[in-house]
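Coordinate inspection notes
Now for the letters of each chain:
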Amino acid sequence: MRVIEVEDLYFSYNGRTEVLRGIDLTVEKGEVVAIMGENGAGKTTLIKHFNGILKPTKGSVRVLGMNTKTVPVSKLARHVGLIFQNPDHQLFAETVEEEIAFALKNLGFDDDYINERVNWALKFMKLEKYRKSSPFTLSGGEKKRLAIASILAYDPDIIIFDEPTIGQEYLHKQRLADFIKYLASKGKTVIVVTHDVEFVAENFSRTVVMANGKIVADGATREVLTDPEITKRARLIPPQPTQCALLLKDLGVPERVLLDSELVQSIVSLLKHSMIT
Amino acid sequence: MSVIVSFEEYSFKYSGTTFYALRNINLDIYRGDFILLTGPSGCGKSTLLRSINGLIPHFYEGEYTGRVIVMGHEVSKSSTYELSRYVGMVFQDPENQLFSSTVEREIAFGLENLGLSKEEMRRRVDNVLQILKIENLRHKSPYELSGGQQQKVAIASIMVMEPEILILDEPTANLDPLSALELFELLARLNREMNITIVIVEHRLELITSFINRVLLMDRGRIVADGAPEEVFLERTSKLLGIGVPKVINVYLQLRNRGIEMDRPPRKPEELAVQVRRLLQRRSSK
């Protein structure tokens, strides 16, 4: 089932410069998709079309079959959770638990359910000890986790993360990656805008790359991130194992290496081979 | 090597909190160090930085014991203004730091309070624009710049004060990878050519590792490892704390576990590739 259908989408903030220029994109239910590209490529503008905050200047966006131009944002919000890059733009409540409860209250859930979801989200994002703290006393990484917790709490069908790994150490990235996989296994659709090539290489099977308001690549992460033409055009730095494999191409190391374990495998077989000859 | 910053039995607790954000820190930072400060979120990285430029205890209130000395000045007894002659701080979000109508004015702003002559101000501004290679931005508004350019202007407005120490709290958080790499290259140049001491909190380990000489790993308010990057990243503590290590170090470790020992751990893909070639040569000459 197609949950997001974007057709020939154009968008400009001021009626002159087009930030999006002819985007075609389809996302299936349960898919996990990374959107990459340099700053200003149009990534954030594109995802803001998925919950209807922005409306196409030309073309159309359908979310779960609903045309975002005609369906109100309040209705889309129940189904689409957008977690922004800068948590300060999202947080405003007096305490961490009130922050998480806010959207749940707005969506009209009963108190028992709200309590249950708040506790779950606090626990999941390891924020229990801050329950009564003000969101503004949290560290940058903790605020980020709170912003995520407050969206996950109301259980939307489509979850969109804008740069979730910024300011997060490896362990939290791993937890996030595991959770994204868990969400997908429950039939949720997850879209992640990120610059973090290593995170994408390890956790995403599909990658969309944007440059100058257009999609310049959309396919298997391995094909996309190991293609020097694409990474160069989108100002991305390929994963370290990919870079190293390219430098050892003349020795017979395969070109499409993405992960450290794959590089280790090819180096080991390279050395074995050299022992024999 | 001369000590430029030293922490002596230093602990700090923010007002209204129950736990110490820094616990018994003993640390010497040497002139010319390029230090990466890392550790799990909430471990005290930002607090340590703020204790160097005097934001702690002058702006953020709390209780402290022990002392921090910056170029011979005890931080708690020196004003932040006085300290700003030695220490410049760059934040995550350059927009919070920029407010003038042109880049030139932005950079000159801090100088206006130093009582310098017009000529000296002009000389310093010209000089810093040149060093940072942003002469082309001189007459632009800071708001029409890209995130990477803004961050360079923020650094310029600090460098113009001619500090000895630059402290940066996740300066590349809002930059794309290539812009982040350019910023690290710029910092490396300031470090190398002008002997500026740099302490940076940064999560992009795979990009910064080849530029630094020292890593401080923190956990729950303490420094738990201190050494050359490859040493610290190879330590068990790094893994236990889940900070992650650059993939090239991971490759080194996995090869070592399979009995393949390289001369030394690589800091970047180029070094790893060279090491692999060396291994091959050694095997074929046997």
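**Here we look at the interface of chain A and chain B**
Size of an interface: often given as the accessible area lost when the parts come together. Opposite the 39 residues of chain A that make contact, chain B presents 39 residues. Between chain A and chain B lies a buried interface of about 3,600 Å² when both sides are counted; carbon and sulfur atoms form 62% of it. When the buried area of chain A at its contact with chain B is split by residue, R235, Q240 and L271 of chain A rank highest and sum to 19% of it. The tally of links between chain A and chain B comes to 4 salt bridges. Here chain A is connected to chain B by 10 residue pairs in polar contact (both at pLDDT 80 or more). Where the side of chain A that touches chain B is concerned, the elements lending two or more residues are helix 5 (140-152), helix 6 (170-185), helix 7 (197-203), helix 10 (240-247) and helix 11 (260-276) of chain A. Tallied by class, residues from the side of chain A that touches chain B come to 16 nonpolar, 14 polar and 9 charged.

**Thoughts on the domain arrangement of chain A**
Residues and elements named next belong to chain A. Structurally, chain A comprises domain 1 (2-227) and domain 2 (239-277). At the interface, 10 residues of domain 1 touch 10 residues of domain 2. Roughly 860 Å² is buried in total at the junction of domain 1 and domain 2, and carbon and sulfur atoms are behind 56% of that figure. Contact with domain 2 buries surface across domain 1, with A201, R222 and T226 losing the most and accounting together for 58% of the total. Counting every contact that joins domain 1 to domain 2 gives 2 salt bridges. Put simply, R256 and E223 hold a salt bridge, and the shortest N to O gap is 3.6 Å. Linking domain 1 with domain 2 are 4 residue pairs in polar contact (both at pLDDT 80 or more), by the criterion used here. Those elements that place two or more of their residues in the side of domain 1 that touches domain 2 are helix 7 and helix 8 (221-225). The residue makeup of the side of domain 1 that touches domain 2, split by class, is 3 nonpolar, 2 polar and 5 charged.

What counts and what doesn't
Residues numbered from 1 in each chain as written. Chains lettered and ligands numbered in written order. Predicted model: local features only at pLDDT ≥ 70, side-chain atom pairs only at ≥ 80, totals over all residues. Heavy atoms only, no water. Contact = heavy atoms within 4.5 Å. Buried area = accessible area lost by both parts, 1.4 Å probe. Salt bridge = Lys/Arg side-chain N within 4 Å of Asp/Glu carboxyl O. Polar contact = N/O pair within 3.5 Å; in protein donor to acceptor, adjacent residues only side chain to side chain. Helix = DSSP H or I, 4+ residues; strand = E, 2+ residues; numbered from the N terminus. Nonpolar A, V, L, I, M, F, W, Y, C, P; charged D, E, K, R; others polar. Domains from an automatic or database assignment.

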